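Coordinates in review
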Amino acid sequence: MEEIMELINGEVYGVWFLIGAALVFWMQAGFAMCESGFTRAKNAGNIIMKNLMDFCIGTVMWFICGASIMLGENMLGGFSGKFTFDVFTNYGNFDYSAFVFNLVFCATTATIVSGSMAERTKFSAYCIYSAIISAIIYPVEAHWTWGGGFLAQWGFHDYAGSNCIHMVGGICALIGAWMLGPRIGKFVRDKEGKVTKVNAFPGHNLVIAALGVFILWLGWYGFNGAAATDIPTLGSVFLTTTVAPAVATVTCMIFTWIKYGKPDVSMCLNASLAGLVAITAPCDVTDCFGAAVIGIVAGLLVVFGVWFTDNVLHVDDPVGAVAVHMMNGIWGTLAVGLFATETAPGFAKAEILEGLFYGGGFTQLGKQFVGMFVTIVWTVVTIIIAYAIIKKIVGLRVSEEEEISGLDSTEHGLASAYSGFAIMDVANTMTMEVNENTDLGVGEYEEASQAKKNAAVPVVTAPFVDTGMNKVVIIAKLSRYDVLRKTLNEVGITGMTVTQVMGCGVQKGAGERYRGVEVDMTLLPKVKVEVVIGNVPIKDVIEAARKALYTGHIGDGKIFVYPVEKVIKIRTGEEDLEALKDVE
């Protein structure tokens, strides 16, 4: 009976192993949505294409050499697996499940880089990079830990990839973004080349980015849990994989709320991923308390990481991959040596020592540090060589003109990833700075009105042409339209033409932030209201509009008044004031 149950369990967990692989594959969709949402619309198609090709190119390289290098027999003292063509020559006895499972993990490592190098990388260069990391860089270092290599033999522990996948992908992302240089307009430099300002480039679709995060979180249950072979371990892994990102997100929300005055949406999305990355290595050997502490640190570390990358390293990382994957991959790897506990169901199978905070001393922490350091050295050396070769052969970066136009059109001949939608870039690519002609105004409406009365120049600087008819054009915040409409109706205006437009101008002191950086938004949604007036005093209309639109903040809008020489009603032929008496 026991043999039968063991056989059934083996079959059940064998199926779960492949279901987990499918969930990890589904994470490619999460990465694609997250990265495209955090970048600009003109590059969305390019992002999707890179994520697609990460998996497809990775699959080709995996069956050619990657799988045998990672999963083959030890050679060179456990440095690498032995290269074979068993997938072709011995297919009947091949381990199909291990091939597929490790393939989807390899593709995840490759796709981490896509977001950090987004919006300025040659597609051809990226394809070559994807092939190299899938064929050599990842298989070798993954063999050390998961293929029976020297780190596994030594007692280094990385259950699902904080070190082997996320830290490695994050390092490749950091070096790639550094070698590429920042996107045009990201950093403002003085004459000596010193960075004086960091500009925010808000993602074009946070809804898509959030969908990507939820897809990734769902996939992470397969990412962390697929290797479990008993119910207690699987349940514990699911628990820690839920607690850490949840705590990280709450921590990030509270911290950004205190620091910036409002909770940062995009940073909290990153924090969810940071918590998932950090718990990936210790998810089987830690408990709920450990997962919660790991999550708290991850939630703070991701905010620090984004700030550090922007303001200290001056590396342009559009999606925060360095903070999420590299920094929290390092933290998760070390966390094994701090929070591993024998009370966790997976601890016995891990064959490691308890962590420092559970009475195990520094031994396991030391092993985690050394294993991580060796992996860092391998990754840094190989990826720099790879990028240098690619740069020499085909070049890494697109031209300035191609970058400004967008990679969708220049790299793929795609007019837009959103055909049928009107997409306008609201990032800092059309910045207008304060100059000697800029007047940012005063705080209160009554104070502003009194200041105008006391000034040498009156509110209305030129007399109106007395035709009895005037056209008033009001450009204001879209959010104030309903108040404006009701106010104008109260003073006797019964007809108007309304157009939604985008306004371009200085927005100093607006206070909005994106990922901790103040946003000088240059294109904002506005409403343009046009009214031709003949039977209502013009000054009443102007004063009513000013009171309705005034908030005391920059961007309240402007009112333009033009004399109208002639009005003709098409249906009746009535002219001038008679034509304005009713509204068709």
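Position numbers for residues count from 1 along each chain, tracking the sequence in the order it is written. In keeping with the predicted nature of the model, local features appear solely for residues at pLDDT of at least 70, side-chain atom pairs appear and are counted solely at 80 or more, and the whole-chain, interface and lining totals rest on all residues. Hydrogens and water molecules were not included; the side-chain quantities draw on all heavy atoms of the structure.

Turning our eyes to something else, we now look at the overall build of the chain. When you go through the chain residue by residue, the secondary structure sums to 20 helices and ten strands. Only protein chains enter the accessibility calculation, which uses a 1.4 Å probe; a residue is then buried when its area is under 20% of its type maximum, exposed when over 50%, and partly exposed in between. Each of the 584 residues in the chain was classed as buried or not, and the buried ones make up 50%. Any two residues whose heavy atoms approach within 4.5 Å at even a single point are treated as in contact. Once local pairs closer than 6 in sequence are excluded, the contacts in the chain between residues at least 24 apart make up 78%. Working definition of accessibility: Shrake-Rupley area with a 1.4 Å probe, residue cover restricted to the visible protein chains. By element, 64% of the accessible surface of the chain is carried by carbon and sulfur atoms, the whole surface being about 26600 Å². Think of it this way: any DSSP run of H or I at least four residues long counts as a helix, any run of E at least two long counts as a strand, and we number them from the N terminus.

Moving on, we get to unusual backbone geometry. Positive phi values are uncommon outside glycine, yet glutamate 119 reaches one of about 75°. Residue placement: glutamate 119 occurs in the loop between helix H4 (96–116) and helix H5 (123–146). Taking the relative accessible area as the measure of exposure, glutamate 119 reaches 1% and is therefore buried. Even without being glycine, glutamate 351 reaches a positive phi, approximately 55°.

Once that is clear, we can look at empty space enclosed by the protein. The gaps left among the atoms become clear once a water-sized probe is rolled over them. Points on a 1 Å grid over protein atoms alone make up a cavity when a 1.4 Å probe fits among them but cannot get out, and a pocket when they form an open set with protein on both sides within 12 Å along at least five of seven lines; lining residues each have an atom within 4 Å of a point. Grid points are joined across faces, edges and corners, and a volume is the space filled by probe spheres set on the points. The tally for this structure, following the rule as stated, stands at three cavities of 30 Å³ or more. Here the second largest cavity is characterised by a volume of approximately 100 Å³. Put simply, the parts of the chain that give the lining of the second largest cavity at least two residues each are helix H1 (2–38), helix H10 (265–280) and helix H12 (321–339). Per-element tally for the lining of the second largest cavity: the top contributor is H1, with four residues. Amino acid classes used here: Ala, Val, Leu, Ile, Met, Phe, Trp, Tyr, Cys and Pro are nonpolar; Asp, Glu, Lys and Arg are charged; the rest, including Gly, are polar. In terms of residue class, the lining of the second largest cavity is built from nine nonpolar, three polar and one charged.

This part covers helix H11 (residues 288–311). The span one expects for a helix is its residue count, reduced by one, times 1.5 Å. Look at H11: 35 Å from first C-alpha to last across 24 residues, which is about the 34 Å you get at 1.5 Å a residue. What H11 keeps buried is the set Gly290, Ala291, Ile294, Gly295, Ala298, Gly299, Val302, Val303, Gly305, Val306, Thr309 and Asp310.

With that settled, consider the packing of aromatic side chains. Two aromatic rings are characterised by how far apart their centres lie and by the angle between their planes. In summary, the pairing rule links any two rings of Phe, Tyr or Trp, Trp by its six-membered ring, whose centres are within 6.5 Å, and it sorts them by plane angle into stacked for under 30 degrees, edge-to-face for over 60 and tilted for everything else. The final tally for this structure, using the stated rule, is 25 aromatic pairs. Judged by centre distance (6.3 Å) and plane angle (50°), the rings of tryptophan 16 and phenylalanine 238 are tilted. Of this pair, tryptophan 16 sits in helix H1 while phenylalanine 238 sits in helix H9 (residues 231–260); the two residues are 222 residues apart in sequence, bridging distant segments of the chain. Taking relative accessible area as the criterion, tryptophan 16 reaches 15% and is therefore assigned buried. Taken together, a centroid distance of 5.6 Å and an interplanar angle of 85° make the contact between phenylalanine 79 and tryptophan 378 edge-to-face. Here tryptophan 378 lies in helix H14 (residues 363–393) and phenylalanine 79 lies in the loop between strand S1 (74–75) and strand S2 (80–81), a separation of 299 residues in the sequence. Grouping aromatic residues by their ring pairs yields a cluster made of Phe17, Phe101, Phe105, Trp146, Trp220 and Phe223.

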